[in-house]
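# Understanding the architecture of this molecule
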Amino acid sequence: GQNFLLMDEFENTPYALSLWQKEQELIRSLDIRCMIPLRKEKQIVGLALLGRKERSSRYTYMELDFLTTLASVASIAVDNARLYEQMFRKARTDSLTGVWNYTHFMERIQQVWEQAGGAPLSLLYVDIDDFKLYNQLYGSKEGDWVLCRVAEAIRSCAGERGETFRCAGKVFALLMPGSDVREAGTAAREIQRRVAQLKEFPGRENQKTVTVSIGICAYPYAASGVKELMDNADLAVYTAKNRGKGNVTVFHGSKPSAKALA
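One structure accompanies this document, and this report is about it. (Residues numbered from 1 in each chain as written. Predicted model: local features only at pLDDT ≥ 70, side-chain atom pairs only at ≥ 80, totals over all residues. Heavy atoms only, no water.)

So, about the overall build of the protein. In terms of regular secondary structure, the protein is built from 9 helices and 10 strands. In terms of overall dimensions, the protein is more spread out than a globule: its C-alpha atoms have a radius of gyration of 26 Å, far above the 18 Å expected for 262 residues. Within the protein, the proportion of its 262 residues that are buried is 43%. Contacts spanning at least 24 positions in sequence make up 61% of the contacts within the protein whose residues lie at least 6 apart. (Helix = DSSP H or I, 4+ residues; strand = E, 2+ residues; numbered from the N terminus. Rg over C-alpha atoms; globule rule 2.2 N^0.38 Å. Buried < 20%, exposed > 50% of the residue type's maximum accessible area, 1.4 Å probe, protein only. Contact = heavy atoms within 4.5 Å.)

Attention now moves to the side chain of aspartate 127. By secondary structure assignment, the location of aspartate 127 is in strand S5 (residues 121-128). There is a polar contact of 2.5 Å between the side chain of aspartate 127 and the side chain of lysine 170. One polar contact links aspartate 127 to lysine 241, side chain to side chain, over a distance of 3.4 Å. Among residues more than four places away in sequence, those in contact with aspartate 127 are Lys170, Val171, Thr211, Val212, Ser213, Val237 and Lys241. (Polar contact = N/O pair within 3.5 Å; in protein donor to acceptor, adjacent residues only side chain to side chain.)

Oppositely charged side chains can pair when the atoms bearing their charge come close. Counted under the stated rule, the structure contains 13 salt bridges. Salt bridges sharing partners connect three or more residues here, namely Asp127, Asp129, Lys170 and Lys241. (Salt bridge = Lys/Arg side-chain N within 4 Å of Asp/Glu carboxyl O.)

What the 3 strands build is an open sheet, ordered S1-S2-S3; its pairing is antiparallel. Both edges of this open sheet fall to strand S1 (5-6) and strand S3 (43-51), since each of them pairs with a single strand only. Both S1 and strand S2 (residues 32-40) contribute to a ladder of 2 bridges, which runs antiparallel. Bridge pairing links leucine 5 to methionine 35 in S2. (Pairing = 2+ DSSP bridges.)

In the contact formed by helix H7 (residues 140-156) and helix H8 (residues 181-196), the axes pass within 9 Å of each other and the chain directions differ by 145°. The element H7 and its partner H8 pack so that their crossing is right-handed. Within the contact between the two elements, H7 uses Val150, Ala153, Ile154 and Ser156 and H8 uses Ile191, Arg194 and Val195. (Axes fitted to C-alpha atoms, helices over the stretch in contact; angles between N-to-C directions. Left-handed = near helix turned anticlockwise from the far one by under 90°.)

Further remarks concern the state of the cysteines. Using the criterion set out here, one finds 0 disulfides in the structure. Counting only cysteine sulfurs, cysteine 148 is the nearest neighbor of cysteine 157, a cysteine outside any disulfide, at a range of 16 Å. Under the relative-accessibility criterion, cysteine 157 is labelled buried at 12%. A disulfide-free cysteine, cysteine 167 has its sulfur positioned 15 Å from the sulfur of cysteine 217, the nearest such atom. (Disulfide = S-S within 2.5 Å.)

A few words on the environment of isoleucine 32. As for its placement among the helices and strands, isoleucine 32 is situated in strand S2. The buried category is assigned to isoleucine 32, whose relative accessible area is 4%. Separated by 78 residues in the primary sequence, isoleucine 32 and glutamine 110 place their C-alpha atoms 42 Å from one another. When residues no more than four places from it in sequence are discounted, the contact partners of isoleucine 32 are Met7, Ile27, Leu49, Leu50 and Gly51.

Turning our attention to the packing of aromatic side chains. Describing an aromatic ring pair means giving the distance of the ring centres and the angle of the ring planes. By the definition in use, this model includes 6 aromatic pairs. Measuring from ring centre to ring centre gives 5.2 Å for phenylalanine 105 and phenylalanine 165, while their planes differ by 65°; the resulting arrangement is edge-to-face. With a gap of 60 residues between them, phenylalanine 105 in helix H5 (residues 102-116) and phenylalanine 165 in strand S6 (residues 163-166) connect regions that are remote in the sequence. Comparing phenylalanine 105 with phenylalanine 165, the two get one shared label, buried. Between tryptophan 113 and tyrosine 219, the aromatic rings sit 4.4 Å apart at their centres with planes inclined by 55°, giving tilted as the arrangement. Of this pair, tryptophan 113 sits in helix H5 while tyrosine 219 sits in strand S8 (residues 212-219), and the two are 106 residues apart along the sequence. We note that tryptophan 113, like tyrosine 219, is buried. Grouped by ring-pair contacts, the aromatic residues Tyr102, Phe105, Tyr125 and Phe165 constitute a single cluster. (Phe/Tyr/Trp six-rings, centres within 6.5 Å; stacked < 30°, edge-to-face > 60°.)

Most often, soluble globular proteins have nonpolar side chains that are buried together. Counting 32 residues, the largest nonpolar core has Ile128, Phe172, Ile191 and Ile214 as the members making the most contacts within it. Counting residues per element, the ones that place at least two in this core are S5, helix H6 (131-138), H7, strand S7 (171-177), H8, S8 and strand S9 (248-252). Examining the composition of this core, we find that 7 residues originate from one element, H7, more than from any other. Ranked by size, the runner-up nonpolar core spans 23 residues in total, among them Leu121, Leu175, Ala233 and Val237. (Core = buried A, V, L, I, M, F, W, Y, C linked by side-chain atoms within 4.5 Å.)

Here the residue pair tyrosine 219 and proline 220 is connected by a cis peptide bond, since its omega of 0° sits within 30 degrees of zero. Looking at the element boundaries, proline 220 is found in the loop between S8 and helix H9 (226-242). Here the phi dihedral of aspartate 130 falls at roughly 50°; this positive angle occurs in a residue that is not glycine. Inspection of the secondary structure assignment puts aspartate 130 in the loop between S5 and H6. Take aspartate 130: its relative accessible area is 30%, and that puts it in the partly exposed class. At lysine 245, a residue that is not glycine, the phi angle is positive and equals roughly 70°.

What follows is the structure, encoded as structure tokens:
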């Protein structure tokens, strides 16, 4: 079949009328006169969109033959970029929970810090309480279920810019660019509320209630660098667990706050 689509010909077919209105408007606004598919075997991996030629002359078949050859080369580049993106994401994604892994956390916290400028930046560490006991009581399959649900709870509370990571077996991190201590505290309490609701899932009414301890540190309020941000958030979550678990503790100045958030 034909390896290109001339809009002059396409506009007079029933297929053109079947396009969504937004698609028709996009084609008109870009003044697209020719489309060439970028194919990888039988799969279309992209489109080359050509505008109107100078002097409004039509594309010749010699030109289209050359552009079709060029498109076949471009399709290889596009497919390689897609494969690279897939490998990049796979290498940086936790295979169980689907959130980012520790490798990507270390990359992103440095990047986000450099991009922050003077804007606030909050880091939350979320540690599942008594997770070893939970596994012993109900088995590793149930433990994996809890990990996935906790990851979902954190991600759902992350906001538009927040990013969720699994940093260790039962420890997650939530990086919140543009969020101050107050906003981080609100997110932490909502995470705890959603985790507590896991007990309401069918078949789990009689199981031990899952709780999480959360430590918060915020820049520039209580950290002057990436290492301080991580170390202080770590000290805050450690303090929260020692206060009886199920707590939220904020790092203030030189030490965690004396009073955990409700």
